[in-house]
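What follows is each chain in one-letter form.
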Amino acid sequence: MEEHAHATPEGEAGAMAKRRVIVYPPSETGGRRVRIDGVILGTAYSLQDLSVFLCRAGIEGWTEVNPLVEDIVESYADLIEWRGGGPDIWER
């Protein structure tokens, strides 16, 4: 997991208005950038990494460090926007 903390533009197709968490498509080298509330937190290489970012960001109700795919997909479907594949895609 790589961590970053820099702001990004919020104008991407109005996504910020709908979802607080954006998981971008896998990069050439693997892993997916994660943006929460307009800030890139880093690159997640698994659901475990995404879970850590959600915990550190203080996402309400998120305390699980070892989530099940069903927990993320079902419980947080209205919070997370998956771009370029769902929670089972981490490599190109």
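Up top is the structure.
The following paragraphs examine the structure supplied in this document.

About the thresholds
Residues numbered from 1 in each chain as written. Predicted model: local features only at pLDDT ≥ 70, side-chain atom pairs only at ≥ 80, totals over all residues. Heavy atoms only, no water. Core = buried A, V, L, I, M, F, W, Y, C linked by side-chain atoms within 4.5 Å. Buried < 20%, exposed > 50% of the residue type's maximum accessible area, 1.4 Å probe, protein only. Helix = DSSP H or I, 4+ residues; strand = E, 2+ residues; numbered from the N terminus. Contact = heavy atoms within 4.5 Å. Salt bridge = Lys/Arg side-chain N within 4 Å of Asp/Glu carboxyl O. Phe/Tyr/Trp six-rings, centres within 6.5 Å; stacked < 30°, edge-to-face > 60°. Lys NZ or Arg CZ within 6 Å of the ring centre and 35° of its normal.

The tendency in soluble globular proteins is for nonpolar side chains to be buried as a group. One finds V21, V34, I36, L50, L54, I59 and I80 to be the most contacted residues of the largest nonpolar core, which totals 16 residues. Going through the elements one at a time, strand 2 (21-26), strand 3 (32-36), strand 4 (39-44) and helix 2 (47-56) are the ones with two or more residues in this core. At four residues, the largest contribution of residues to this core is made by helix 2. Apart from residues no more than four positions distant in its own chain, V34 is found in contact with V21, I22, V39, I40, L41, G42, A44, L50 and F53.

This part covers the pattern of salt bridges. Here the structure, examined in full by the defined rule, presents three salt bridges. Taking the shortest distance from any N to any O, the salt bridge between R83 and E81 comes out at 2.8 Å. For the pair R83 and E81, one class covers both residues: buried.

The full count for this structure, using the stated rule, is one aromatic pair. When the centroid spacing of 6.2 Å and the interplanar angle of 85° are considered together, the rings of W82 and W90 count as edge-to-face. Lying over the aromatic face of W90, R32 brings its terminal NZ or CZ to 5.5 Å of the ring centre. If you follow R33 out to its NZ or CZ, it ends over the ring of Y24, 4.2 Å from the centre.

Turning our attention to the environment of S75. Tracing the backbone shows S75 in helix 3 (residues 69-75). Taking relative accessible area as the criterion, S75 reaches 48% and is therefore assigned partly exposed.

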